[in-house]
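Topology and contacts: notes
Here's the letter readout for the chains.
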Amino acid sequence: MDKNFYITTPIYYPSGRPHMGHAYSSIIADFFARFKSIDDYNVHFLTGTDEHGLKIQRSAEKAGKKPKEFCDQISQTFKDLSKTLNLSNTDFIRTTENRHKKTVQHLWSLLEKNDDIYLSNYSGWYSVSDEAFYNEDEIEEIEGKKIAKSSKSNVEWIEEESYFFRLSKWQKPLLEFYEKNPDFILPESRKNEVISFVKSGLNDLSVSRKSFSWGIPVPNNKNHVIYVWLDALTNYLSALNYPDKDDDLFKKFWPATIHLIGKDILRFHAVYWPAFLLAAKIDLPKKVYGHGWILSGEEKMSKSKGNILDPLEIIKEYGLDPLRYYLIKEVSFGNDGNISQERLEDCINSDLANNYGNLCQRVTAFANKNCDGKIPLTIKFQEEDLLILNKFKDNLDNIRSKIDNQNINFYIDYIVSSLFEANKYFNDQEPWKKKDDQIRLNTIVYTTLEIVRKISLLLYPIIPESSLKVLNIFEIDEKKVELSSISDNEYLIKGKKLNKIDILFKKIEKKND
Ligand code: MSP
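Basis of the calculations
- Residues numbered from 1 in each chain as written.
- Predicted model: local features only at pLDDT ≥ 70, side-chain atom pairs only at ≥ 80, totals over all residues.
- Heavy atoms only, no water.
- Phe/Tyr/Trp six-rings, centres within 6.5 Å; stacked < 30°, edge-to-face > 60°.
- Helix = DSSP H or I, 4+ residues; strand = E, 2+ residues; numbered from the N terminus.
- Buried < 20%, exposed > 50% of the residue type's maximum accessible area, 1.4 Å probe, protein only.
- Lys NZ or Arg CZ within 6 Å of the ring centre and 35° of its normal.
- Pairing = 2+ DSSP bridges.
- Axes fitted to C-alpha atoms, helices over the stretch in contact; angles between N-to-C directions.
- Parallel < 35°, antiparallel > 145°, perpendicular 65-115°, else oblique.
- Contact = heavy atoms within 4.5 Å.
- Nonpolar A, V, L, I, M, F, W, Y, C, P; charged D, E, K, R; others polar.
- Near = heavy atom within 4 Å.
- Areas by Shrake-Rupley, 256 points an atom, 1.4 Å probe, with all protein chains shown as cover.

**Thoughts on the packing of aromatic side chains**
If you walk through the whole model with that rule in mind, you get 29 aromatic pairs. When the centroid spacing of 5.4 Å and the interplanar angle of 85° are considered together, the rings of Trp108 and Tyr163 count as edge-to-face. Of this pair, Trp108 sits in helix H4 (residues 98-113) while Tyr163 is found in strand E8 (residues 156-165), placing the two residues 55 residues apart along the sequence. Accessibility classification places Trp108 together with Tyr163 in one group, the buried group. Ring-pair connections join several aromatic residues into one group, and the members of that group are Tyr6, Tyr236, Tyr242, Phe250, Phe253, Trp254 and Trp273. Across from the ring centre of Phe410, 4.6 Å away, lies the NZ or CZ of Lys402, which sits over that ring.

This is how it looks when you write it as structure tokens:
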């Protein structure tokens, strides 16, 4: 069985401060990476920054800096954000690195050798903000300004000599590929959009620019730089040291298991990228998943709209894990999701403080008083104990397959209902009334501690730091977090002292409470 898992985030433009949309893509990718790593996969998790092109060149000019100096500074803020978000990424790539430039130029040469690139002239609309070319029918005029219908960003007319990639030639092979690989583009609704776009006919794609210099030079023609999207997409290969044949990262991790991206950049990933790879005779990634947008007041959050919820400010106020939990739970995965501070506070209070935090506090406090602060030594399971414990084992394969289908909503609902059931079990069993039956009391405590352990394993990919704090009660550290151990109902070492746990999540006093 293939136990290698390669997941990527989009590489971010270092044109401004990271915002919640960036944090969202990264947190979701981290969720999948952590789930797979505790399920015994070799995980390669890549993120990074996309540093070339006119957009970055202009942002640098505005800041009065040289592009490289500007990128060094802002790329660092994205690197810092990866730490702040507690991402488990195994690499961080910058497209200004030599390892990347080498791969891009190699890929270009392959495309040229296979006659998929030719020199001609481009004239048409270009959006610097999207770094995308648009056809006449994709443009509209609002208040005298030409903008792209899809992104609402300004477009400008450009006319210059350009190399073209023979995208039109790949229309049929792409459609055949989508047909044979129905899970290549997800979610389903997005797949249909892409297929109808490809069916409507593909024009050859301009893949070089001559009027500015901030990019990777075209091999053998220094007057051109390579189009920033051909450059950027290649990061997924350059991070594996492709085409270095002696390096086994590529052998091990290519084709990528999943490129996780926002829906706005689906065309680049689901049409252009596979076409480049087909032309270069390189295997195609297994899946491209286009998630929805984080909205703030119904609009996509973006710098230009000024409606950015700053992830760093939210983390400072509420902590990281509440934000991770909230984004993963509240935004129905694949769809757009509205976020608000008020809902975040509700989520912290109800799910994290009341449901999870309370369960952990209650059972450990009870064990401290009634079991000498130890994991009970003598137990005897009854039917009702095994019923609740075995559910985890019985659902494990289902959970795995839901994750392989990116069904995060199922996963989180499963956790929330398990927490409810666990609290109900503890209440219904009334261990405080069993003081004259120590074995029954012990068994209820042991069962509840086992459930806490199992739920904490499931919560690890979402709120790693908090779940590790809970697992530390049993001296389970990160290296020992193994999903398969969820099936063991007597994993906890009987008679072992329980470590202390601090308050996990503080309840937030709401103004209208
Ligand atoms: N540099 C390109 C990606 C190249 S990948 C080879 C890019 N960068 S970006 O910084 O503009 O956006 C990166 C990702 O953040 C995109 O997937 C985009 O969808 C996502 N988000 C940006 N704003 C967003 C929201 N408001 N909500 C959710 N994600 C959004 O595009």
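So, next bit.
**Brief notes about the sheet that holds strand E10 (residues 205-206)**
In space, the four strands of this open sheet follow the order E5-E4-E8-E10, with antiparallel pairing throughout. Among the strands making up the open sheet, the edge pair consists of strand E5 (132-134) and E10. Bridge analysis of strand E4 (residues 117-127) against E8 gives 10 bridges, and the strand direction is antiparallel. Its bridge partner being in E8, Ser120 is matched across the sheet by Ser162.

**Overview of the packing of helix H1 (residues 20-38) against helix H12 (residues 320-330)**
Between H1 and H12, whose axes approach to 10 Å, the crossing angle comes to 90°. Regarding the angle of H1 to H12, the classification is roughly perpendicular. The segment H1 lies against H12, with Met20, Tyr24, Ile27, Ile28, Asp30, Phe31 and Arg34 engaging Leu323, Arg324, Leu327 and Ile328. Along the lines of polarity and charge, the residues of the contact of H1 with H12 split into eight nonpolar, no polar and three charged.

**Examining the site of the ligand**
By nearness alone, 24 residues border the ligand, and Ile11, Asp50, Gly262, Asp264 and Ile294 come closest of all. Coverage of the ligand by the protein amounts to 95% of the 660 Å² it exposes when considered alone. Of all the secondary structure elements, the ones that give two or more residues to the shell around the ligand are strand E1 (4-12), H1, helix H7 (228-233), helix H8 (235-238) and strand E14 (258-262). Of the residues belonging to the shell around the ligand, the class tally is 13 nonpolar, eight polar and three charged.

Interpretation note: all reported values are geometric properties and have no functional meaning in isolation.
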